[in-house]
Amino acid sequence: MHPLIKNSNNTFKGSPVEFTNVIELKNKEDWVALDKCLISRDEEGRAISFFKDDIWYMGVYASDFQVSQKTNFDFSFINSSEKLTLELKLIVYGWIFYKNSTRSNHVKIQTLVNRLSALKKVYIFLNENNYNSISELNNKVVSQKLDTYLINKDLAQRTLEHVFSGINSIIRLQSWLNLDLPISLSKPYEHALKLSNKSPQQTLSIPERIADELYAKAIELVEDFYPHRDLLATIEKELQENYLAGKEIVNQKKELGIWKFLDKQEKSSKLNHMQAQEISKVTPFKTSDILSRYSSMTLFKDLKSVPKWKKLYGRITTACYICCGAFSGMRDSELSALKPDSYYCDDINGQKFHFIRSKTFKLGEKDTTWVTAPITQKAIELMSCFTKYWRKELLEKGLQKESEYLWLNRTARSKLPVVISKWPDRLQLFSETYGTVIKKEDLVELVKSNPNALDNINKLCILSKSWPLKPHQFRRSLALYTIKHRLGSCSSLQQQFKHTYLQMTEWYSVGGIASRLSDLEIDNDFQQLLENTKLEETTNKFFSMVHGNSPLSGSHGKAIMDMREDIPYI
């Protein structure tokens with residue numbers, strides 16, 4: 001029996017992990033054999049996770065190109081209870097090897113990790129109340145106590161639905177687990193409605209005034225720095241080479257025994273900090289001197305320190321990301337999978353179109369394309385050039401997969417570049433730096449454009465504060481603007497967004513038509529003309545009936561025909 005998890009990258013080099021009867025080992029109390037039970041291997045076939053571990057690493061089942069994904073099972077949150085930890089590990093093992101879905105034999109690793117995340121709330125409750133098993137929920141008092149606990153957490157209905165779905169997944173394993181659980185499955189949706197009035201909230205669309213400012217600034221940054229993309233890469237290369245030269249000097253002194261205080265076996269943050277300070281002292285050039293070489297240029301006039309260089313790089317990176325997301329409507333996972341060669345142009349019937357190539361993961365990993373704006377070309381080429389030395393460095397270290405990504409960052413000179421996986425903080429900083437604060441007119445527009453997110457408006461959109469910019473808002477906003485300004489239809493959006501059903505596209509664009517109608521203005525003179533024309537038309541119709549010769553039907557028609565011979569004249 002092999003794991004019932006979809007393998008997204010098909011890169012196994014060793015034999016797959018075989019099923020072990022962990023329930024039998026548990027019943028025999030053979031804890032040594034149970035702890036040694038193999039859970040997962042890496043891509044090379046090496047064993048990396050065993051039953052005894054607090055974290056089970058399952059990254060081998062994840063897509064190589066999907067950056068922001070959860071792939072590990074973490075049990076450390078209930079370490080204080082051995083019985084609950086053992087039970088939860090057996091449950092997850094059952095999901096992996098025995099039964100994890102009623103719809104298909106194999107599911108994505110992210111599905112199971114998210115299911116465990118939902119169940120954490122239940123097991124934290126059990127642990128805090130000194131219960132030893134989820135079977136305690138057979139007791140109505142305990143079950144009601146759990147409901148009260150969840151109510152006090154003020155969770156959304158969708159979150160609660162996932163919690164109860166997680167409990168149902170355990171009930172389906174009860175015969176294998178030998179657990180005493182209620183036979184009947186709960187109805188997660190109905191149960192969630194009883195405990196919470198926080199209905200699912202739609203992603204907010206960005207008010208047009210704020211979007212105009214943020215998008216304009218992103219485009220401005222890309223346009224300004226695009227001609228200097230090679231220079232940006234050169235500056236970064238010089239800074240890193242300067243650091244490496246200083247590091248080489250420090251390493252030589254350590255090897256010669258001159259600086260023994262740095263030659264300690266144990267590593268610590270204090271020791272790393274001391275070494276970084278010594279490297280800074282012996283580098284061939286001061287960092288500020290390297291940056292000052294370029295300060296004569298208008299764009300780099302304030303570039304005199306490392307923090308300002310990092311701030312500049314961060315802003316340019318975020319601006320490029322916004323240009324790619326705002327004008328394509330791609331999901332965050334699809335944007336993260338962009339490569340340096342993702343952009344291309346095509347001529348269709350004499351008209352030039354701009355496209356982005358990437359991967360979509362929603363219904364299985366596959367390559368696809370999106371129509372985009374011309375600025376996307378410069379954004380991708382700017383980032384590609386900016387990070388070319390980083391990608392080369394990663395490739396030299398044997399990190400082929402990481403070297404193919406577009407969005408990279410170096411958090412410290414002593415570390416390798418890493419793939420950027422979390423964008424919300426970067427986007428929020430960009431909004432605070434370049435966007436204006438929320439005004440009353442923005443709140444009015446928000447209510448019209450986001451009828452399914454009124455709770456989020458009240459919670460997140462605060463008057464005189466910066467806009468809470470998030471990655472998925474680009475997708476929602478593009479759908480709204482397209483319908484509101486008649487730039488396209490829901491059918492064309494469905495193709496652009498890679499939706500299976502048109503209803504999902506209509507959900508994304510909700511508020512578009514209402515916003516369009518609210519912007520209409522009535523021409524009073526034209527309205528009066530229409531009313532007068534309607535009266536004249538009605539009068540002429542009656543006149544032709546009475547004075548005409550054509551036959552009329554119906555009782556009233558016959559009465560009018562009788563009147564024709566006795567019409568009074570004035």
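Here, every reference points to the structure presented above.
Residues numbered from 1 in each chain as written. Predicted model: local features only at pLDDT ≥ 70, side-chain atom pairs only at ≥ 80, totals over all residues. Heavy atoms only, no water.

Enquirer: What is the right way to read the state of the cysteines from this model?
Expert: Covalently bonding the sulfur atom of one cysteine to the sulfur atom of another cysteine gives a disulfide. One pass over the full model with this rule turns up zero disulfides. Not part of a disulfide, Cys 320 finds its nearest cysteine sulfur in Cys 323, a span of 6.6 Å. Cys 320 supplies the cysteine sulfur nearest to Cys 385, a cysteine that is in no disulfide, at a spacing of 11 Å. Under the relative-accessibility criterion, Cys 385 is labelled buried at 10%. (Disulfide = S-S within 2.5 Å. Buried < 20%, exposed > 50% of the residue type's maximum accessible area, 1.4 Å probe, protein only.)

Enquirer: Please explain unusual backbone geometry as it appears in this structure.
Expert: One can expect most non-glycine residues to show negative phi and most peptide bonds to be in trans. Even without a glycine there, the phi angle at Glu 29 is positive, about 60°. Relative to the helices and strands, Glu 29 resides in the loop between helix 1 (22–27) and helix 2 (31–35). Its identity as a non-glycine residue notwithstanding, Arg 486 has a phi of 55°, on the positive side. Mapped onto the secondary structure, Arg 486 falls in the loop between helix 21 (472–484) and helix 22 (490–497). (Helix = DSSP H or I, 4+ residues; strand = E, 2+ residues; numbered from the N terminus.)

Enquirer: Even after reading the chapter, I still don't get the packing of helix 13 (residues 306–326) against helix 18 (residues 424–434), so can you show me in this structure?
Expert: A pair of packed helices can be characterised by two numbers: the angle between their axes and the separation between those axes. Interhelical geometry of helix 13 versus helix 18 gives an angle of 100° and a closest axis separation of 10 Å. Put simply, helix 13 runs roughly perpendicular to helix 18. Listed contacts from helix 18 to Gly 314, Arg 315, Thr 318, Ala 319, Tyr 321 and Ile 322 of helix 13 are Arg 426, Leu 427, Phe 430, Thr 433 and Tyr 434. Residues that form the contact of helix 13 with helix 18 fall into these classes: six nonpolar, three polar and two charged. (Axes fitted to C-alpha atoms, helices over the stretch in contact; angles between N-to-C directions. Parallel < 35°, antiparallel > 145°, perpendicular 65-115°, else oblique. Contact = heavy atoms within 4.5 Å. Nonpolar A, V, L, I, M, F, W, Y, C, P; charged D, E, K, R; others polar.)

Enquirer: How do you make sense of the pattern of salt bridges when you look at a structure like this?
Expert: Side chains bearing opposite charge may pair, as long as their charged atoms lie close to each other. Throughout the structure, instances matching the rule amount to 19 salt bridges. Linked by salt bridges that have partners in common, Glu 236, Glu 393, Arg 410 and Arg 413 make up one network. (Salt bridge = Lys/Arg side-chain N within 4 Å of Asp/Glu carboxyl O.)

Enquirer: Would you take a moment to explain helix 22 for this structure?
Expert: Because an α-helix completes one turn every 3.6 residues, residues spaced three or four positions apart along the sequence face the same direction. Turning to helix 22, its buried residues are Cys 490, Leu 493, Gln 494, Gln 496 and Phe 497. Relative to the axis of helix 22, the buried residues are bounded by an arc of 165° and lie together on one face. Backbone geometry just downstream of helix 22 places Lys 498 in the positive-phi region, at approximately 60°. (Arc of directions from axis to C-beta.)

Enquirer: How should I be thinking about the environment of Asp 562 in this particular structure?
Expert: Tracing the backbone shows Asp 562 in helix 26 (residues 554–563). Considering only alpha carbons, one finds Asp 562 and Tyr 189, 373 residues apart in sequence, at a separation of 70 Å.

Enquirer: Explain the environment of Ile 279 here, please?
Expert: Within the element layout of this structure, Ile 279 appears in helix 11 (residues 269–282). Sequence separation between Ile 279 and Lys 247 is 32 residues, and the spatial gap between their C-alpha atoms is 5.4 Å.

Enquirer: Explanation requested: the side chain of Ser 196 in the structure shown.
Expert: Topologically, Ser 196 is positioned in the loop between helix 8 (188–195) and helix 9 (208–225). At 3.0 Å, the side chain of Ser 196 and the backbone nitrogen of Lys 198 are in polar contact. Discounting residues that sit within four places of it in the chain, Ser 196 has contacts with Leu 155, Ala 156, Gln 157 and Leu 160. (Polar contact = N/O pair within 3.5 Å; in protein donor to acceptor, adjacent residues only side chain to side chain.)

Enquirer: Would you take a moment to explain a nonpolar patch on the surface for this structure?
Expert: On the surface, Phe 526, Leu 529 and Leu 530 cluster together into a nonpolar patch covering about 300 Å² of accessible area. Among the structural elements, Leu 529 can be located in helix 25 (residues 524–547). Looking at Leu 529, the relative accessible area reads 49%, which means it is partly exposed. (Patch = residues over 30% accessible without salt bridge, like charges linked within 9 Å, V, L, I, M, F, W, Y side chains within 5 Å. Areas by Shrake-Rupley, 256 points an atom, 1.4 Å probe, with all protein chains shown as cover.)

Enquirer: Where do I start with the environment of Ile 513 in this structure?
Expert: Along the chain, the position of Ile 513 falls in helix 24 (residues 512–518). Distance from Ile 513 to Tyr 481, taken between C-alpha atoms, is 9.7 Å for residues 32 residues apart in sequence.

Enquirer: Would you explain the pairing of strand 7 (residues 366–372) in this entry?
Expert: Consecutive side chains of a regular strand alternate in pointing toward one face of the sheet and then the other. For strand 6 (residues 351–360) and strand 7, the ladder comprises seven bridges, and the chain directions are antiparallel. Residue Ile 356 lies in a different strand from strand 7, and its bridge partner there is Trp 370. Between the end of strand 6 and the start of strand 7, which pair antiparallel, lie five residues, with Gly 364 showing a positive phi angle near 105°. (Pairing = 2+ DSSP bridges.)

Enquirer: What is the right way to look at helix 13 in this model?
Expert: Counted at 1.5 Å a residue, the expected span for helix 13 with its 21 residues is 30 Å, and the 30 Å between its end C-alpha atoms agrees. In terms of burial, helix 13 is largely enclosed, as 15 of its 21 residues are buried. (Expected span 1.5 Å × (residues − 1).)

Enquirer: Looking at this structure, I do not really get the side chain of Gln 428. What am I missing?
Expert: With respect to the element layout, Gln 428 can be found in helix 18. Assessed through its relative accessible area of 17%, Gln 428 is described here as buried. Not counting residues within four places of it along the chain, the set of residues in contact with Gln 428 comprises Ser 466, Trp 467, Pro 468, Leu 469 and Lys 470.

The quantities given are spatial measurements derived from coordinates; they are silent on function.
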